[in-house]
Amino acid sequence: MPKRFVAIWCCHLITDWFVIRKPALAGKPFVLATPDHGRMVVTAASTAAQAQGINVGAVVADARAIIPGLEVYDDKAGLSRQLLRTIGKWCIRYTPAVAIDEPDGLLLDASGCAHLWGGEQPYLEDIVARLRNYGYDVRAAMAGTIGAAWAISRFGEHGMIISNGAQSDALLPLPPAALRLEPGILERLHKLGLNKISSFIGMPRPALRRRFGGELLLRLDQALGLEEEAIQPLEPVQPYLERLPCLEPILTATGITIALERLLGQLCNRLRQEGKGLRAAIFKCFRVDGKTVQIEIGTNRASQNATHLFSLFSNKISSIEPALGIEVFVLEAPKVEEMSAPQETLWAGGCSVDSIRLSELIDQLAGRVGSQAIRRYLPAQHYWPERSVKPASSLHKQPDTIWRDDRPRPVRLLPEPEPIDVAAPIPDYPPMLFRYKGKLHRIKKADGPERVACEWWHEEKQHRDYYIVEDEDGYRYWLFRSGHYTGDKTHQWFIHGFFA
């Protein structure tokens, strides 16, 4: 895929923002200024102020002598970067790779994106028209290199789209400043009368290097495509991403549903071709008013089943507020895993943890009650009951040991044993009754004891003698006495679990 870049130049970034916030400033001369060596110096000037000779770097006192009614506002540190970040995030609807080009520009990697808008010309026109509609005076150009797009956006006069391989012809009539050179180099070029790129592009490269250093040749090669140049996106670019622009803003849940189904189909087809499945997905909706709304899902195992993934999203579609309409839909898969082909079973059997149906059922439940409400536990190599189980990190986590089934264990185990009052006929006999949380339980049946010792390499604690007891109401409990009977009045008996 050939590389295509877009450079956007916000001609009056900060002053445009002031006019957007205060429409009464439109058409009036005003400047932004900051203190510099005891005097106020202009850092930005409106179009009306520039038309009367007030430019960046002028002293405010001199500017007011030229325009007595000039309005002066304090410049805010970092304002231009903040504005560029805001505009850049808005531009993500056109491409996932958007970078800031300080102090007044943006760079977009538009490779493979323009066809979604019907071609490069409609793509570029849509960007410019929408930004101008918001109140920003912008110029934009598209080319096969960042350098050429940057040069044409700021200095080009005829045609803002440069085809790949035509960078040289487009650059020839432009001034050296179009190459993003340092002021010192530009000054030396001007003194030598080299006021256009065409006047030195054909000179011997060793001579240019000796006279102007390596930067001139680097910038020239970057603009011509002889040297690679990359942008640093505002947000990490997801390798698995599908986008769908709309001819008209979408206002209905039906339209949102159709867009989601189409994007899921495209993404899952790609995942199947690459033998992968997604574990997380984000559906983003870029609205006409510049805001973005999104919904997210997660799965317990890698999935490429578009129907199942749509069912996870379906419960959340109603939370999407289209406002004035949604113009671009984007589906991202930030977490993708390798996916092995499912093995066919020879005989119909029960559902195991490897079953896709079980994974999809858990996904459905997690979408309704939250993933934190669903747990899977595995056996741990410990004798102490509260240490003998551990939560699994995923549905596919394999146990380190087998479940112990030689002794009955309660279906509900308390995280920590709770003390109880017990009456036993003989100290080493099972209890006759016990009181738990104020309720008296008379025991009809009992089985035990089962002695469980603490691992000495963890800590020194007394052994436990466990009993399974059943009260008059038929409820069964797991009780234990800690250590040997001592005859004192302190609690030695505890309740630790409940049987079904």
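Residues numbered from 1 in each chain as written. Predicted model: local features only at pLDDT ≥ 70, side-chain atom pairs only at ≥ 80, totals over all residues. Heavy atoms only, no water.

**What to know about the sheet that holds strand β7 (residues 138-143)**
Alright, step 1. With respect to topology, four strands assemble into an open sheet ordered β5-β6-β1-β7, the strand pairing being antiparallel. Looking at strand neighbours, the two that pair on one side only are β5 (98-101) and β7, the edges of this open sheet. With strand direction ignored, the average angle separating the axes of adjacent strands in the sheet is 20°.
Alright, step 2. The pairing of strand β1 (residues 5-10) with β7 spans six bridges and is classified as antiparallel. By the bridge assignment, W9 is partnered in β7 with R139.
Alright, step 3. The strands touched by helix α5 (residues 120-134) are β1, β6 (105-109) and β7; relative to β7, the strand with the most contacts, the crossing angle is about 160°. (Pairing = 2+ DSSP bridges. Helix = DSSP H or I, 4+ residues; strand = E, 2+ residues; numbered from the N terminus. Axes fitted to C-alpha atoms, helices over the stretch in contact; angles between N-to-C directions. Contact = heavy atoms within 4.5 Å.)

**Details of the pattern of salt bridges**
Alright, step 1. Overall, the coordinates contain 21 salt bridges when judged by the stated rule.
Alright, step 2. Taking the shortest distance from any N to any O, the salt bridge between K3 and D109 comes out at 3.1 Å. Of this pair, K3 sits in the segment before β1 while D109 is found in strand β6, placing the two residues 106 residues apart along the sequence.
Alright, step 3. With a relative accessible area of 45%, K3 lands in the partly exposed category.
Alright, step 4. A salt bridge links R154 to D104, with the nearest nitrogen and oxygen atoms 3.4 Å apart. Residue R154 is located in helix α6 (residues 146-155), and its partner D104 is located in the loop between β5 and β6; the two are separated by 50 residues in the primary sequence.
Alright, step 5. Taken together, the shared-partner salt bridges connect R93, D126, R130 and E327 into one network. (Salt bridge = Lys/Arg side-chain N within 4 Å of Asp/Glu carboxyl O. Buried < 20%, exposed > 50% of the residue type's maximum accessible area, 1.4 Å probe, protein only.)

**Points about the nonpolar core**
Across soluble globular proteins, you tend to see nonpolar side chains buried next to one another.
Alright, step 1. Counting residues in hydrophobic clusters, the biggest one holds 42 residues, and the most contacted among them are V6, I8, F18, L108 and Y123.
Alright, step 2. If you tally residues by element for this core, the top one is helix α4 (residues 79-91), at six residues.
Alright, step 3. In contact with L108, not counting residues within four places along its chain, are R4, F5, V6, I8, C91, T95, A97, V98, Y123, I127 and I231.
Alright, step 4. Within the second largest apolar cluster, 32 residues are counted, among which are A97, I146, F212 and I231. (Core = buried A, V, L, I, M, F, W, Y, C linked by side-chain atoms within 4.5 Å.)

**Quick notes on the packing of helix α1 (residues 13-21) against α4**
Between two packed helices, both the angle of their axes relative to each other and the distance between the axes serve to describe the pair.
Alright, step 1. Close contact between α1 and α4 brings their axes to 10 Å; oriented N to C, the two are set at 75°. The orientation of α1 relative to α4 falls into the category roughly perpendicular. Only L79, S80, L83, L84 and I87 of α4 make contact with α1, whose side of the interface consists of L13, I14, W17 and F18.
Alright, step 2. Residues that form the contact of α1 with α4 fall into these classes: eight nonpolar, one polar and no charged. (Parallel < 35°, antiparallel > 145°, perpendicular 65-115°, else oblique. Nonpolar A, V, L, I, M, F, W, Y, C, P; charged D, E, K, R; others polar.)

**Looking at unusual backbone geometry**
Alright, step 1. A cis amide bond links E102 with the next residue in sequence, P103, at an omega value of 10°.
Alright, step 2. Along the polypeptide, P103 turns up in the loop between β5 and β6.
Alright, step 3. Residue G448 is joined to P449 through a cis peptide bond whose omega torsion reads 5°.
Alright, step 4. Structurally, P449 can be placed in strand β17 (residues 439-452).
Alright, step 5. You will see that H37, though not glycine, has its phi angle at about 55°, which is positive.
Alright, step 6. Looking at the secondary structure, you find H37 in the loop between β2 (30-36) and β3 (39-45).
Alright, step 7. Exposure remark for H37: the relative accessible area of 79% places this residue in the exposed category.

**Concerning the packing of aromatic side chains**
Alright, step 1. The full count for this structure, using the stated rule, is 19 aromatic pairs.
Alright, step 2. For the pair F283 and F329, a centre-to-centre distance of 5.6 Å together with 5° between the ring planes defines the contact as stacked. Taken as a pair, F283 in strand β9 (residues 276-287) and F329 in strand β11 (residues 326-338) lie far apart in primary sequence, 46 residues in all.
Alright, step 3. Relative to Y477, the ring of F434 lies with its centre 5.4 Å away and its plane at 80°, an arrangement referred to as edge-to-face. Note that F434 is positioned in strand β16 (residues 433-436) and Y477 in strand β19 (residues 476-482), a separation of 43 residues in sequence. Considered together, F434 and Y477 belong to a single accessibility category, that of buried residues.
Alright, step 4. Grouping aromatic residues by their ring pairs yields a cluster made of W90, Y94, W117, Y123 and Y134. (Phe/Tyr/Trp six-rings, centres within 6.5 Å; stacked < 30°, edge-to-face > 60°.)

**Brief notes about the packing of helix α11 (residues 253-274) against helix α12 (residues 306-314)**
Alright, step 1. For the pair α11 and α12, the least separation of the axes is 10 Å and the interaxial angle reads 140°. In this view, α11 runs oblique relative to α12, as classed from their interaxial angle. The two elements α11 and α12 meet at a crossing, and its hand is right-handed. Mapping the contact onto sequence places T257, L260, E261, L264 and C268 in α11 and A306, L309, F310 and F313 in α12.
Alright, step 2. Taken together, the residues of the contact of α11 with α12 break down into seven nonpolar, one polar and one charged. (Left-handed = near helix turned anticlockwise from the far one by under 90°.)

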